[in-house]
Structure formats: C-alpha cells, structure tokens
Amino acid sequence: MSDKIQRFIFDSFGIRGEFVQLEEAAQRMLQQHNYPPIIADILQQVAAVTILMTTTLKFEGKLSVQLQSSDKLKLLVVQANHKLGFRGIARYDKQVNYSGLNFKDLTKNGRLSITIEPKKGKRYQGYVELAEESFAKCVENYFNQSEQLKTRIWLFNNEQQVKGLMLQALPDMLSHDSFDHLVYLSETLTEEECLSIESDILLNRLFHQESVKEFQTQAVKFHCGCSRKKMLDSVALFPESDIKELLETKGKVTVKCEFCLSKFDFTELHIKDHQAFIGNSTQH
C-alpha cells in the first residue's frame, strides 16, 4: 500500500501520532499540471497535512486546506473527504522564474485557512498568517493558536512521494516533558531515511522503547469527484450567447476539470436535454 496513513497513540503520555505517505495519489494530483518544482513540493506537503488533519474528523464531510497570497503563489488548495480521498490544485504567477525560491518567497503576506464542512452541522473556518519559513511551521502555529493543541509536524518529499509525521497533545496529556521527549526522538529522523524506508520500520526505530497503541492503517487515494453531470451543471451557468457561439464554431462545448484536467464534451442535444431537466425540476 503506497498511499496510507497510520495512526497511533502513546497511552502513557496522552499524546497521539500519525504518519502519512503519499506516492501514487500524489503523482496523480500533479499529473500533467507541469508545476514548477517548488510549487509541486508545497502542493504535496499540503496534501499530506490535509490527510493528517482529516483523520481527526468524527463525521461525514470534507476538510480543505488553503494557502492564499497576493504575491507569486496566488492560491493553493487541497480538499479531502472523510473517506480519505483528496484532490488539489495550485494557481501561481507563470511569468516568474521559480528557480532558487523557497516557501517564504512564495507566500509573502499570505495566509493559511482551514475549512471544515460537515454534511450535517455548521461550517467552521480558521486562519493563521503564513509567517514562517516552512509550511509545517505554519500548520503548527495554526494548531497552537487556533486550536490550542500542542503540535509538531515533520514533512519530507521528493519528486515521487511525500511523507509526514505529526505528534499532537491530547486534552489529558500528562506533561510537557513527555511531549518534548517524543519530539526529541522524532528530530532524529532524517530526510534520506524517511523517504527510503518503510513507515513501519521508521516508527519502530523512533519509538521502540515507548508504549505505543497502533490503530488500523487506512488507505488514501486521489479522488477528484468531477463528473459529466457536475460539468453539465457548470455549462448551464454560461451565458447563452457563449454557448451558442461555441456550438456554431466547434459543434460542441468542451469543459475541462481544473483539478484532474479531464475533458467533457457536450453537444447541443446534451445541453437542451439538461436545460429541459432543470426546468422540469424547478417547476416541481
């Protein structure tokens, strides 16, 4: 299983942990977008953190992690659902040369927002400034400030994969010393070993002297969620003059999903049938 998340808890300390690895799913998210390497790196890291956070949801719904800036990185968002299916996209200034730039260069004057949308219940959104040197540090700030949960995150990635480790204090954490102890052990993890060694072995190396209760490993997958119906719904929002012009010049209306880049073609008959269906539904 190349795309998975492992959850565990240090019962004697009142601290939980998670380890996520995304390989095939991360590559599917990046496929054909041709992002600059630094943009692709950040998008993978945001995907990893989104999955780390989604496992805490106790309800059906989705969670979105969004980075927004008025500078080079205009928008980057990853959305995941309670079944651990995710998708992500980045929008950026394509006139910029991104060679040699880092996270701080791309997110100047930006902010991080976390949005939780349950199928039943109220929508929640929290914010924090993107004022740190790395994305992991920004997320730690979010938890420490907005959620008041002591949290540490380590992220490692290359062109093929991303892996992430999170430690988080539970309300019944016994002491700050125990948290600092686990952080000290985690700090020994290097990028080279994290990206080359299986997570089971890594976790055993880090915490083999601790009492760890492990939960069932869960699979993670890329899931865009687009469909012909959703795309046809979006076509219905186009100005009628634009639809008419496309049908006259191209013989069809083509819509592309911005996340997975799948293309959907609709003829005049498809559009008229859809409009008639919407009209009948509205009347009823």
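These notes cover the structure that comes with them. (Residues numbered from 1 in each chain as written. Predicted model: local features only at pLDDT ≥ 70, side-chain atom pairs only at ≥ 80, totals over all residues. Heavy atoms only, no water.)

## Notes on the environment of Asp 3
Right, so step 1: Inspection of the secondary structure puts Asp 3 in the segment before strand S1 (4-10).
Right, so step 2: Among the residues examined, Asp 3 registers a relative accessible area of 8% and is labelled buried.
Right, so step 3: Through-space distance from the C-alpha of Asp 3 to that of Leu 22 is 4.6 Å; in sequence the pair is 19 residues apart.
Right, so step 4: For Asp 3, the contacting residues outside a window of four places in its chain are Gln 21, Leu 22, Glu 23, Glu 24, Ala 25, Ala 26, Gln 218, Ala 219 and Val 220. (Helix = DSSP H or I, 4+ residues; strand = E, 2+ residues; numbered from the N terminus. Buried < 20%, exposed > 50% of the residue type's maximum accessible area, 1.4 Å probe, protein only. Contact = heavy atoms within 4.5 Å.)

## Remarks on the pattern of salt bridges
Right, so step 1: Evaluation of the coordinates by the stated rule reveals 14 salt bridges.
Right, so step 2: Among the salt bridges present, the one from Glu 140 reaches Arg 152, with a minimum N-O distance of 3.2 Å. Of this pair, Glu 140 sits in helix H4 (residues 135-147) while Arg 152 sits in strand S8 (residues 151-157), and the two are twelve residues apart along the sequence. Side by side, Glu 140 and Arg 152 carry an identical accessibility label, which is buried. (Salt bridge = Lys/Arg side-chain N within 4 Å of Asp/Glu carboxyl O.)

## Details of helix H5 (residues 176-186)
Right, so step 1: All of the buried residues along H5 are Ser 178, Phe 179, Leu 182, Val 183, Leu 185 and Ser 186. All buried residues of H5 fall inside an arc of 160 degrees around its axis, so they share one side. Away from its buried face, by an angle of more than 90 degrees, H5 presents the exposed residues His 176, Asp 177 and Tyr 184.
Right, so step 2: Buried positions along H5 lie against S1, strand S2 (15-22), S8, strand S9 (162-169) and helix H7 (199-207). (Arc of directions from axis to C-beta.)

## As for the environment of Glu 191
Right, so step 1: Locating Glu 191 in the fold gives a position in helix H6 (residues 191-196).
Right, so step 2: For Glu 191 and Gln 6, which are 185 residues apart along the polypeptide, the C-alpha to C-alpha distance reads 19 Å.
Right, so step 3: Leaving out residues up to four positions away in the same chain, Glu 191 has contacts with Phe 156 and Asn 157.

## Structural notes on the nonpolar core
Right, so step 1: With 68 residues, the main nonpolar core has Tyr 35, Ile 39, Val 65, Leu 67, Phe 86, Leu 112 and Phe 135 as its most contacted residues.
Right, so step 2: Counting 23 residues, the second-largest nonpolar core is a separate cluster that includes Trp 154, Phe 156, Leu 167 and Leu 203. (Core = buried A, V, L, I, M, F, W, Y, C linked by side-chain atoms within 4.5 Å.)

## Focus: the sheet that holds strand S7 (residues 124-129)
Right, so step 1: Pairing in this open sheet of six strands is mixed, and the strands run S7-S6-S3-S4-S5-S12 from one edge to the other. The sheet is open, and its two borders are formed by S7 and strand S12 (221-222), each paired with just one other strand.
Right, so step 2: Both strand S6 (residues 111-118) and S7 contribute to a ladder of six bridges, which runs antiparallel. Note that in S7 the partner of Ile 116 across the bridge is Tyr 124.
Right, so step 3: Packed on one face of the sheet, H4 meets strand S3 (61-68), S6 and S7 and runs near 125 degrees to S7. (Pairing = 2+ DSSP bridges. Axes fitted to C-alpha atoms, helices over the stretch in contact; angles between N-to-C directions.)

## As for the pairing of strand S4 (residues 73-81)
Right, so step 1: Within S4, seven of the nine residues are buried, leaving the element largely enclosed by the surrounding structure.
Right, so step 2: Alignment of S3 against S4, held across seven bridges, turns out to be antiparallel. Counterpart to Gln 66 in the pairing with S4 is Val 77.
Right, so step 3: From the end of S3 to the start of S4, which pair antiparallel, there are four residues.
Right, so step 4: A loop of three residues connects S4 with strand S5 (residues 85-92), the two strands running antiparallel in sequence, and Leu 84 in this loop sits at a positive phi of about 65 degrees.

## Things to note about unusual backbone geometry
Right, so step 1: Despite not being glycine, Gln 32 has its phi angle at roughly 70 degrees, a positive value.
Right, so step 2: Its location among the elements puts Gln 32 in the loop between helix H1 (24-30) and helix H2 (37-54).
Right, so step 3: Owing to a relative accessible area of 58%, Gln 32 belongs among the exposed residues under this scheme.
Right, so step 4: Positive phi values are uncommon outside glycine, yet Leu 261 reaches one of about 70 degrees.
Right, so step 5: As for its placement among the helices and strands, Leu 261 is situated in the loop between strand S13 (253-256) and strand S14 (263-266).

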